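Architecture at a glance
Single-letter residue listing:
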Amino acid sequence: MSSSDIFIGETIGTAVLILLGGGVCAAVTLKRSKAQNAGWLAITFGWGFAVLTGAYLAAGVSGAHLNPAVTLGLAIQGGTEWSDVPLYLASQLLGAMIGAVLVWAVYYGQFHAHLTDPEILKAQPAEEGLVDQSAAPQAGPVLGIFSTGPEIRNAVQNVVTEVIATAVLILAILTQGLNNDGNGLGTLGVLITALVVVGIGLSLGGPTGYAINPVRDLGPRIVHALLPLPNKGGSDWGYAWVPVVGPLIGGALAGGLYNLAFA
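Source: prediction; values computed, not measured. Here, residues in each chain are numbered from 1, in the same order as that chain's written sequence. Two thresholds apply to this predicted model, a pLDDT of at least 70 for residue-level local features and 80 or more for giving and counting side-chain atom pairs, whereas whole-chain, interface and lining totals are computed over all residues. As a convention, hydrogens and water are excluded, and side-chain values are obtained from all of the structure's heavy atoms.

**Details of the packing of helix α1 (residues 3–29) against helix α4 (residues 85–106)**
To obtain an axis, a line is fitted to C-alpha atoms, over the contacting stretch when the element is a helix, and the angle between two such axes runs from 0 to 180 degrees between their N-to-C directions. Secondary structure elements are taken from DSSP: a helix is a run of H or I of four residues or more, a strand is a run of E of two residues or more, and numbering for both begins at the N terminus. In contact at an axis separation of 6 Å, α1 and α4 are set at 35° when each is read in the N-to-C sense. Judged by the sense of rotation from one axis to the other, the crossing of α1 with α4 is right-handed. In this count, Pro and Cys sit with the nonpolar residues alongside Ala, Val, Leu, Ile, Met, Phe, Trp and Tyr, while Asp, Glu, Lys and Arg are called charged and the others, Gly among them, polar. Grouping the amino acids of the contact of α1 with α4 by side-chain chemistry returns 15 nonpolar, nine polar and one charged. By definition, any crossing whose near helix is turned counterclockwise from its far helix by less than a right angle is left-handed, and any crossing with a clockwise turn is right-handed.

**Focus: helix α2 (residues 40–62)**
By this rule the span expected of a helix is its residue count minus one, scaled by 1.5 Å. End to end, α2 covers 31 Å across 23 residues, agreeing with the expected 33 Å (1.5 Å per residue, within 8%). Throughout, bend refers to the angle between the axes fitted to the seven residues that end at a position and the seven residues that start at it. Along its length, α2 reaches its greatest deviation from straightness, about 30°, at Tyr56. Residues of α2 that are buried in the fold lie against α1, α4, α9 (187–204) and α10 (214–226). Just past α2, the residue Gly63 takes up positive phi, approximately 95°. The contact criterion used is simple: two residues touch if any of their non-hydrogen atoms lie within 4.5 Å.

**Things to note about the pattern of salt bridges**
Charged atoms that come close allow side chains of opposite charge to pair. Think of a salt bridge as a Lys or Arg side-chain nitrogen and an Asp or Glu carboxyl oxygen that are within 4 Å of each other. Across all of its chains, the model carries three salt bridges by this definition. Among the ionic pairs, Arg221 bridges to Asp217, the shortest N-O distance being 2.7 Å. With Arg221 and Asp217 both in helix α10, this residue pair falls four residues apart, about one helical turn. By the burial criterion, Arg221 is buried, and Asp217 matches it. In this scheme, a residue with accessible area under 20% of its type's maximum is buried, one over 50% is exposed, and one in between is partly exposed, where area comes from a 1.4 Å probe on protein chains only.

**Examining the side chain of His114**
By the element assignment, His114 lies in helix α5 (residues 108–115). Judged by its relative accessible area of 5%, His114 is buried. Other than its neighbours up to four places away in sequence, His114 contacts Thr29, Leu30, Lys31, Ile120, Pro141 and Val142.

**Quick word on the packing of aromatic side chains**
Geometry of aromatic contacts follows a simple scheme: Phe, Tyr and Trp rings, the Trp one being its six-membered ring, pair when their centres are within 6.5 Å, and the pair is stacked under 30 degrees between planes, edge-to-face over 60, tilted otherwise. Throughout the structure, instances matching the rule amount to five aromatic pairs. Note on Phe45 and Phe49: the rings are 6.4 Å apart at their centroids and 45° apart in plane angle, and the pair reads as tilted. Taken together, the residues Phe45 and Phe49, both in helix α2 and four residues apart, mark about one turn of the helix. Here Phe49 falls in the exposed class, since its relative accessible area comes to 51%.

Quick look at the structure:
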C-alpha cells in the first residue's frame, strides 16, 4: 500500500474511532446528555462499536491498525514494514486529535453546562478515585472523556494492567485477524477484534480504564490541554506516560510471543 493510503486510512479510521469512543464517554459523563450515567456497560460496548466502525472504514485502505501497539506488534511479527511504522504512528496521532476535537464540537453545549455547574466544580477533586489525592496532579472534571486514569494510582500495577490487556488485544489480532498477504484485517477479523475490545473492557478495564492504545490516550489528552474549556482543570501529564508505555510494551511482547508460538 502507498504512503497516501496509510495516511488517509489511519487518519480517518482513528478519527472515527476516537469520535465514537470519546463520544460515548461524553454521553455518559456530561450533564444535559440523554445518556448521562448510563454506566460502564455503555462505555465498553460503545468503544467496541467504535473499533468496529473505525477499523471497517480503514481496513481496505491502510490495514486498519489505528493503534501504535498494533503497528508495533505487526512490525515485529513481520506483517508491516518497519519503514512504514513512523507514518502509521503519525497518522494515528493526528487522527486521534481530530476525533477528540470532533467530540468537543458534538457536545459543545454539554461541556459548557457541565463545566459551569456548581455541583460539578464543588465535587473536584474528591471524586477522582485516588487513594491519596496529594500523590497526583489534579485531573479536570472532564479529562476522563478524553483520556484514561487509574482508580488506584500505582505506576507498576497500572503499567502491568495496560501491558497485559494490550497483549491480549494484539495476540487476538495476530492470530485471527491478519490475512495471508499481511495487508490488514478482513471483515470477520474486524468484528472479532471489536468483540475482543469489549471483552477487555469488561474484564480488564476496571483498574485503568483500558487505554490499550497510546494515541487513544495521548492525542485526546493533548486536545484537552489545548481546548478553551472553562474550569477544565489539569490534564494529568504525570500519568500520561503509562497509557503510552504500557500498550507499546504489550504490543511488542505480543509480536514476539506470536513469532515464538504461532509462526
